[in-house]
Amino acid sequence: MEEGPYKYIRDGNGKVSRVIRIGTRKSQLARIQTDSVADKLKELYPDFHLEIVAMSTTGDMILDRALSKIGEKSLFTKELENALERNEVDLVVHSLKDLPTSLPAGFTIGAVLKRENPHDAVVLHPSKTGKTLDTLPEKSVIGTSSLRRAAQLKKRFPHLEFKDIRGNLNTRLKKLDEKDDFAAIILAAAGLKRMGWENRISMILEPEDCMYAVGQGALAVEVRARDADILEMVSVLHDPDTVLRCIAERAFLKQLEGGCSVPVAVHTKVKESQLYMTGAVYSLDGSQSIKETMQTSIAPGDEQSLERVDEQVQRVGVTAMKVPAEAQDAAERLGIKLADLLLSKGAKEILTVARQLNDAR
């Protein structure tokens, strides 16, 4: 049954429930991530009927080129946003790192869930068990399609070689295991963990070896900005620390005008009401880099600021109702200030050259 913009369903006992349709990519990891969000919503709102709608995106279909070469910001999100716009789904679950820092008009991130381990992981070829990146033989080939990972690791492990590897997690692991092209591949630890493949992780890369991508390890729920009821419904999924870290990271990337096609990396943590953030930019070969750390207080202020929580203001695409506005503002300012510091030290030049070199590859 349709009533206005909403869809309802009647069960065998005559009970009517509102249907909430959740859009997702078709890959196994995307489905697992979406199911985890659906389970949380089911628990919180047992009276709603949840339906999952899976679809393929451009990024899923173009598998013969590196992501940074395709030059499209919304590779994994466009088709899902089209469905959201056409009212075919009510919310969409994404990996936050796939979402550009500026969303199309009419959309917002209504929830950022508690972050999984955001670090990168090394997965070794079965014949290399027991090795580390340090102990792999000279000229061993490491698979990664991320300019950010390659730039950092080239500098840290100059004896290794890096080559593109595309495809979803299943495909990449298959390429690693069934051929001898790669000694190891680098993947996000969060994805491996969600797939239940933690046993394949040979080592987790610490920030001194490889800092992570903006938003890595966090799930985001994208909704139509005008849907106040859906926005309210998903806002309970927000994890305040993750929201603040990711607002700072996204503000940093936006201020640098970075995207998929440039090596930008971050590391953030919240400790005793302080938000710490390290950000860096790299040349493609890792030989040049600028890295700085800053911090800000995110302590709740007076009562007045707490009353300002429930506002519908977007910060770098995120609407975080239930998280104090003051803390969100501080996080956004931190990201912008850190980016400005890097820009004042020559980050723009490094990124411009990186972009040009990548386009010419």
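Definitions and cut-offs
- Residues numbered from 1 in each chain as written.
- Predicted model: local features only at pLDDT ≥ 70, side-chain atom pairs only at ≥ 80, totals over all residues.
- Heavy atoms only, no water.
- Helix = DSSP H or I, 4+ residues; strand = E, 2+ residues; numbered from the N terminus.
- Expected span 1.5 Å × (residues − 1).
- Salt bridge = Lys/Arg side-chain N within 4 Å of Asp/Glu carboxyl O.
- Buried < 20%, exposed > 50% of the residue type's maximum accessible area, 1.4 Å probe, protein only.
- Contact = heavy atoms within 4.5 Å.
- Pairing = 2+ DSSP bridges.
- Axes fitted to C-alpha atoms, helices over the stretch in contact; angles between N-to-C directions.
- Arc of directions from axis to C-beta.

Caption draft 1: Up close: helix α9 (residues 240–256). Between its first and last C-alpha atoms α9 spans 24 Å; for 17 residues at 1.5 Å apiece the expected length is 24 Å, and the two agree. Taken from the residues just after α9, Glu257 is the one with a positive phi, measuring 60°.

Caption draft 2: Inspection of the pattern of salt bridges at higher detail. Under the counting rule described, the total for this entry stands at 17 salt bridges. Residues Arg149 and Asp120 are paired through a salt bridge, measuring 2.9 Å at the closest nitrogen-oxygen approach. Of this pair, Arg149 sits in helix α5 (residues 147–156) while Asp120 sits in strand β7 (residues 120–124), placing them 29 residues apart in sequence. Where Arg224 meets Asp227, a salt bridge forms, and the shortest distance between an N and an O atom there is 2.9 Å. Using a relative accessible area of 3% as the deciding quantity, one classes Arg224 as buried. A single network of salt bridges, built from pairs that share partners, joins Arg21, Asp90, Arg224 and Asp227.

Caption draft 3: Quick peek at the side chain of Gln33. Counting through the fold element by element, Gln33 comes out in helix α1 (residues 28–44). Aside from chain neighbours lying at most four places away, what touches Gln33 is Val93, Ser95, Arg194 and Leu219.

Caption draft 4: Molecular detail of unusual backbone geometry. Phi is positive for Lys139, close to 65°, though the residue is something other than glycine. In this fold, Lys139 is placed in the loop between β7 and β8 (141–143). One non-glycine residue with positive phi stands out, namely Glu272, at about 45°. With respect to the helices and strands, the residue Glu272 is situated in the loop between β13 (264–271) and β14 (274–282). The exposure class assigned to Glu272 is exposed, which follows from its relative accessible area of 73%.

Caption draft 5: Inspection of the sheet that holds strand β15 (residues 289–297) at higher detail. With antiparallel pairing, the three strands of this open sheet are ordered in space as β13-β14-β15. Every other strand in the sheet has two partners, leaving β13 and β15 as the edge strands with one partner each. Taking each pair of neighbouring strands and ignoring which way they run, the sheet shows an average axis angle of 10°. Packing against the sheet, α9 makes contact with β13 and β14, and its axis sits at approximately 150° to β13. Across the sheet, helix α11 (residues 325–344) lies against β14 and β15, angled at about 155° from β15, the strand it touches most.

Caption draft 6: Geometry of helix α12 (residues 347–360). Taking 1.5 Å per residue, 14 residues should reach 20 Å; α12 reaches 20 Å between its end C-alpha atoms and fits that length. By the burial criterion, the buried members of α12 are Ala347, Ile350, Leu351, Ala354 and Asn358. Buried residues along α12 cover an arc of 95° about the axis, so they all sit on one side. More than 90 degrees from the buried face of α12, the exposed residues found are Gln356, Asp359 and Ala360.

Caption draft 7: Up close: the sheet that holds strand β10 (residues 184–188). Taken in spatial order, the five strands line up as β9-β8-β10-β7-β11 in an open sheet, and their pairing is mixed. At either end of the open sheet lies a strand with only one pairing partner, and these are β9 (161–163) and β11 (203–204). The pairing of β7 with β10 spans five bridges and is classified as antiparallel. In the strand pairing of β10, Asp120 is matched with Ala188. On the sheet, α5 packs against β7, β9 and β10 and is oriented at approximately 125° with respect to β10. Across the sheet, helix α6 (residues 169–178) touches β7 and β10, and the angle it forms with β10 is around 165°.

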